[in-house]
Each structure stands twice: as structure tokens, then as C-alpha cells.
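Listed here are the chains, written in short residue letters.
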Amino acid sequence: MSAVSDRLPAFPWDKLEPYKKTAAAHPDGIVDLSVGTPVDPVPELIQKALVDAADSPGYPTVWGTPALRDAITGWVERRLGAREVTRRHVLPVVGSKELVAWLPTQLGLGPGDRVAYPRLAYPTYEVGARLARAGYEVYDDPTELDPRGLKLLWLNSPSNPTGEVLSKQELTRIVAWAREHGVLVFSDECYLELGWEAEPVSVLHPDVNGGSYDGLVAVHSLSKRSNLAGYRAAFLAGDPGVLAPLLEIRKHGGMMTSAPTQAAVVAALGDDEHVRVQRERYAARRAALRTALEGHGFRIEHSEASLYLWATRDESCWSTVAHLAERGVLVAPGDFYGEAGARHVRVAFTATDERVRAAVERLA
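Residues numbered from 1 in each chain as written. Predicted model: local features only at pLDDT ≥ 70, side-chain atom pairs only at ≥ 80, totals over all residues. Heavy atoms only, no water.

Undergrad: Any chance you could explain the side chain of Thr73 here in plain terms?
TA: Mapped onto the elements, Thr73 comes out in helix H3 (residues 66–80). Not counting residues within four places of it along the chain, the set of residues in contact with Thr73 comprises Val85, Thr86, Arg87 and Val90. (Helix = DSSP H or I, 4+ residues; strand = E, 2+ residues; numbered from the N terminus. Contact = heavy atoms within 4.5 Å.)

Undergrad: Would you mind showing me how to read the sheet that holds strand E3 (residues 114–118) here?
TA: Either a parallel or an antiparallel arrangement is found when strands of a sheet pair, and the pairing is made through backbone hydrogen bonds. Strand order in the open sheet formed by seven strands is E2-E8-E7-E6-E5-E3-E4, with mixed pairing between adjacent strands. The open sheet terminates on both sides in strands that have one partner only, identified here as strand E2 (90–93) and strand E4 (135–139). The average angle at which neighbouring strand axes cross in this sheet is 20°, direction not considered. When E3 meets E4, the two strands line up parallel, connected through five bridges. If you follow Tyr117 over to E4, its bridge partner there is Val138. Along the sheet, helix H8 (residues 240–253) makes contact with E2, strand E6 (184–188), strand E7 (216–221) and strand E8 (234–238), crossing E2 at roughly 35°. (Pairing = 2+ DSSP bridges. Axes fitted to C-alpha atoms, helices over the stretch in contact; angles between N-to-C directions.)

Undergrad: Just to check I follow, could you spell out the pattern of salt bridges for this structure?
TA: Two side chains that carry opposite charge are able to pair once their charged atoms sit near each other. Evaluated as defined, the whole model comprises 28 salt bridges. The closest approach of N and O atoms between Glu273 and Arg276, which form a salt bridge, is 2.4 Å. In this pair, Glu273 and Arg276 are both assigned in helix H10 (residues 273–295), three residues apart and thus about one turn of the helix distant. Arg299 serves as the salt-bridge partner of Glu301, at 3.0 Å between the closest nitrogen and oxygen. Through salt bridges with shared partners, a single ionic network connects Asp28, Glu354, Arg355 and Arg362. (Salt bridge = Lys/Arg side-chain N within 4 Å of Asp/Glu carboxyl O.)

Undergrad: For this particular structure, what's the right way to read the environment of Phe298?
TA: With respect to the helices, strands and loops of the structure, Phe298 is situated in the loop between H10 and strand E9 (299–301). Overall, Phe298 belongs to the buried group, its relative accessible area being 5%. The spacing of Phe298 and Leu145 is 153 residues in sequence and 33 Å in space, taken between C-alpha atoms. (Buried < 20%, exposed > 50% of the residue type's maximum accessible area, 1.4 Å probe, protein only.)

Undergrad: Would you explain the environment of Cys317 in this entry?
TA: Mapped onto the elements, Cys317 comes out in helix H11 (residues 317–325). Accessibility expressed as a relative area gives 1% for Cys317, which makes it buried. With residues near it in sequence (within four places) discarded, Cys317 still touches Pro333, Gly334, Asp335, Gly341, Ala342, Arg343, His344 and Val345.

Read these as geometric descriptors, not functional statements.
Have a look at this one:
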């Protein structure tokens, strides 16, 4: 019997190690713009909520405290424009990557079922399908897919890696098509609060779904908007008919967000000011890096939202990675996200202000 790991592709980030060593050898040190991990402090009100809940000797619940579920429902209505969201419409999860990787398995998918995701996409969508032994395919327009056997359709707006945003009209059209063919839609919206040149819209907005959450679930994370990647804090919102069985499975599997983290999420979702402050930090870094990259001969495509610039010099992405590594700057090769990214790189602007300035100087 083959090991589960045999179903998976090679871990892409391992291929970047030689270039990381090259960049780290720069006299002024590496500027790592590859992974996109937050580097700024966790806001104090969130840290305080975590500490105040540190004395939590009992097991937390998988479905979350009443305060957490109320915080999620309130945020979904306030920030996404959703209506009539109840506690049955939400479910906390242990970070969004865990959810993406195990969702097809938890949905009961397997051989003969198909999962679809964008042509340029977060690699874990494919990993999830492989773990379930389901089929998988990419799309440019999901409404051109053969719906037979298509059990799970991933949307991702704003996109990782490109930063592209699907318009309200596009989302409405896709949702209508999926419902017509009985295809379950999961919309990865983890970068929704980081729109720059476009205003991202959720599938939970009534203009998109017609006031019904049937067949729709949105995925949200606090990793980027609140600097909580280290907390593993995310949640689902949408169709109770989908979330209820997921809850039962996750209860059996012990997939619980820690009690201190649940308290921290309540504080994070109740405060919009720290998100505004963090957005301003990212906006300044984005502007500086975009100007520097364009001055260095890059073309920036899409990148209307998210924490990345999708950049190209019209050459192999690995040639670009090597070129920048020689200057002490590490970026992610576009082919990590699909063959269509073979001539692009993804440049994160999550480094500190000091490191961003160093990158700008090296590109000048």
C-alpha cells in the first residue's frame, strides 16, 4: 500500500533553497519577499485578549464559543454585506491551509469526483484533491468546465498569486452556473480586505447570491489582515447544510481552535482600526516595490489586491529568481502556482520597512 505522501507533488519551496542561500550571502543580508509571512507586531488588543484567556485548562469546542460565533457573524454582516447570518452559518477552523488541504476528504470526495481551481492558484487546492484521491483540473472560466462529476469548485478572489479580483458581475454569473449544475462553491477570500485598485466582493453578498447561501461557503483568515499567521485562525461562512456535516467530522477529528486563539479572534474581528493601520503599512511598501520593479525593467500584471505583485521580465521565472537572488532579493517563481506562471514571479510586500528600502536600493 503506497504511503499518503506518494500522492503529493514535491514540496515546491524546497526548490528555492539554493537561491535563498545565494540571496543570504549578500553583504547586507537577504530581503525575503518569497513566502509572504507577516512580520509586523500582533496588535496589542489581540495580544491582551490572548493573554487574558491563557488560563484555559479545559478542551475548547470545535464550533467555538458563543462570543466567537457572534463576532464572526457580526463581521460577515458588517464587512461583507451579508444578511441574516446566524451562528449556524459560521464555523471556525484551524487556519485556512488546513481547511483547504483536507476539505475534499471531509466532503467525502474520492475517485471519480473532480475538484476545479484557477489555472494560476495556491498549490494546496491540488494537494487537497490528491489527498482525497479525487480528480482535479484547472480553469480560466469555470463556466466552461464540464459539470459532470464536478463536486467542488474553488474560487479565489483576490487571487494568490496574481492579485486579480473577480467583479461582482463575474461572481454572480459563476454562482448562477454552479447552482444550475449542482456544483458546490468554496470561495477563498482570505485577501478580501487588501484591495488596492479594486474593491473585492464576497460570494456572501446578496447582489452575488440573490440572498441565498445555498451551495456557497466563503473562507476567511486572520493571518494577513491581523498579522495572526502564527495563531492559526480562520473561519468559514455560508451554507449551513454544508457546514453542519463538516462540524460533525471536525468534532470527531478533534479539529479545535485553541481557547486563547478563539478569544483573540473575537478581539480582532471587533476592531477595524488595526486593519486600517496595517493596510497603510502595506500600501506604502507596495508602492515602493512596484516603482522599483518597474524601474528595473519589470512589468506588473493584475495585482489589484492581495499582498503580492505579479511581475515579469518576459523570461523564465527561474532566470528572474536567480537574477534577483544575486542582488540579495528572494522572490517566488511563478510556476509554483501552475504552468501558466512560468514567466512570472510573485513578489510579497510583507517584509519590514527597512528590508523593503534595502530591496528598492538594490533594484535602483
